[in-house]
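A structural walkthrough
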Amino acid sequence: MRIDIVTIFPEFFSVLDVSLLGKARERGLIDLSVHDLRDYAHDRHRTVDDTPYGGGAGMVMKPEPWGEALDATLVAASVVVFPSPAGERFSQATAKELARADHLLFGCGRYEGIDQRVVDYARTKATVREISLGDYVLNGGEVAVMAMIEAIGRLVPGVIGNPQSLSDESHEDGLLEYPSYTKPAEWRGLEVPPVLLSGNHGAIAAWRHEQKVERTRRVRPDLLG
């Protein structure tokens with residue numbers, strides 16, 4: 001998978017050099033590049049924002065630098081993702097869809113957002129998704145993009161060493177994940193549930209399913225419909 005990120009804070013994404021995604025990049029499973037939007041601004045101050053038409057607080061990101069950045073990075077198979085509190089809600093299903101793309105281009109907005117014509121222009125060249133992490137507002141798109149890349153990248157074949165671990169996670173079957181335990185069997189007066197020590201795989205599977213349903217009912221009853 002190829003991933004391009006356009007941002008005014010390219011250093012933000014240095015964290016992608018570590019952990020599983022860093023190893024995936026080293027192994028060639030993910031080809032990731034970060035582009036500084038200011039490189040596409042040609043005035044002395046490398047300006048990427050201006051006052052909004054119609055008035056109002058804040059600044060809006062200018063279309064000219066974004067147009068050049070898109071022209072330099074888009075390919076025929078691109079899916080362009082603009083993080084936006086006005087977008088569709090990001091979910092595990094969304095991550096699965098995007099993990100099947102050959103090329104993802106993330107555009108990180110700042111200030112009061114990106115000139116709408118940039119989104120409209122991108123739609124004439126590629127598939128565009130405006131996506132929100134949740135019902136709240138961040139200072140910019142970088143945090144949202146980082147979270148989405150984490151969720152999407154780990155679904156790329158080969159990134160996670162044991163694919164079975166993906167199928168047992170929260171939201172994979174519409175339920176939250178069951179609680180996990182490891183050694184020792186007793187810690188500070190708290191014991192591991194006896195069924196997990198029984199060696200009875202059928203009983204363990206049944207217990208884990210019961211725990212998933214109970215946790216979902218208690219924490220996220222909306223997922224049970």
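This text goes with the structure placed above it.
How each quantity is defined
- Residues numbered from 1 in each chain as written.
- Predicted model: local features only at pLDDT ≥ 70, side-chain atom pairs only at ≥ 80, totals over all residues.
- Heavy atoms only, no water.
- Patch = residues over 30% accessible without salt bridge, like charges linked within 9 Å, V, L, I, M, F, W, Y side chains within 5 Å.
- Areas by Shrake-Rupley, 256 points an atom, 1.4 Å probe, with all protein chains shown as cover.
- Salt bridge = Lys/Arg side-chain N within 4 Å of Asp/Glu carboxyl O.
- Helix = DSSP H or I, 4+ residues; strand = E, 2+ residues; numbered from the N terminus.
- Buried < 20%, exposed > 50% of the residue type's maximum accessible area, 1.4 Å probe, protein only.
- Pairing = 2+ DSSP bridges.
- Right-handed = clockwise from strand over helix to strand, strands pointing away.
- Arc of directions from axis to C-beta.
- Contact = heavy atoms within 4.5 Å.
- Axes fitted to C-alpha atoms, helices over the stretch in contact; angles between N-to-C directions.
- Polar contact = N/O pair within 3.5 Å; in protein donor to acceptor, adjacent residues only side chain to side chain.

Further remarks concern a nonpolar patch on the surface. A cluster of nonpolar side chains, Phe9, Phe12, Tyr136, Leu138 and Val143, forms an exposed patch at the surface whose accessible area comes to about 430 Å². Note on placement: Tyr136 falls in the loop between strand E7 (127-132) and helix H5 (142-153). Looking at Tyr136, the relative accessible area reads 47%, which means it is partly exposed.

Moving on, we come to the pairing of strand E1 (residues 2-7). In terms of residue burial, E1 counts as a mostly covered element, since 5 of its 6 residues are buried. By the bridge criterion, 6 bridges tie E1 to strand E2 (residues 31-36) in an arrangement that is parallel. Paired with Val6 across the two strands is His35, which belongs to E2. In the classification by handedness, the crossover that spans E1, the intervening helix H1 (residues 19-26) and the parallel E2 is right-handed.

Moving on to helix H4 (residues 116-123). Within H4, the full set of buried residues consists of Val118, Val119 and Ala122. Down the axis of H4, the buried side of the element spans an arc of 100°, and every buried residue falls inside it. For H4, the secondary structure elements touched by its buried residues are helix H2 (63-73), strand E5 (78-89) and E7.

If you trace the 5 strands from one edge of the open sheet to the other, you get E2-E1-E6-E5-E7, paired in parallel fashion. The open sheet has two free edges, formed respectively by E2 and E7, since each of these has just one partner strand. With strand direction ignored, the average angle separating the axes of adjacent strands in the sheet is 25°. Of the pairings in the sheet, the one linking E5 to strand E6 (residues 103-107) comprises 4 bridges and is parallel in character.

Glancing now at the side chain of Arg129. As for its position among the elements, Arg129 is in strand E7. Among the polar contacts listed, one links the side chain of Arg129 to the side chain of Glu88, at a separation of 2.8 Å. A distance of 3.2 Å separates a polar atom in the side chain of Arg129 from a polar atom in the side chain of Glu97. Setting aside residues up to four positions removed in sequence, Arg129 forms contacts with Val79, Val80, Val81, Phe82, Glu88, Thr94, Glu97 and Leu98.

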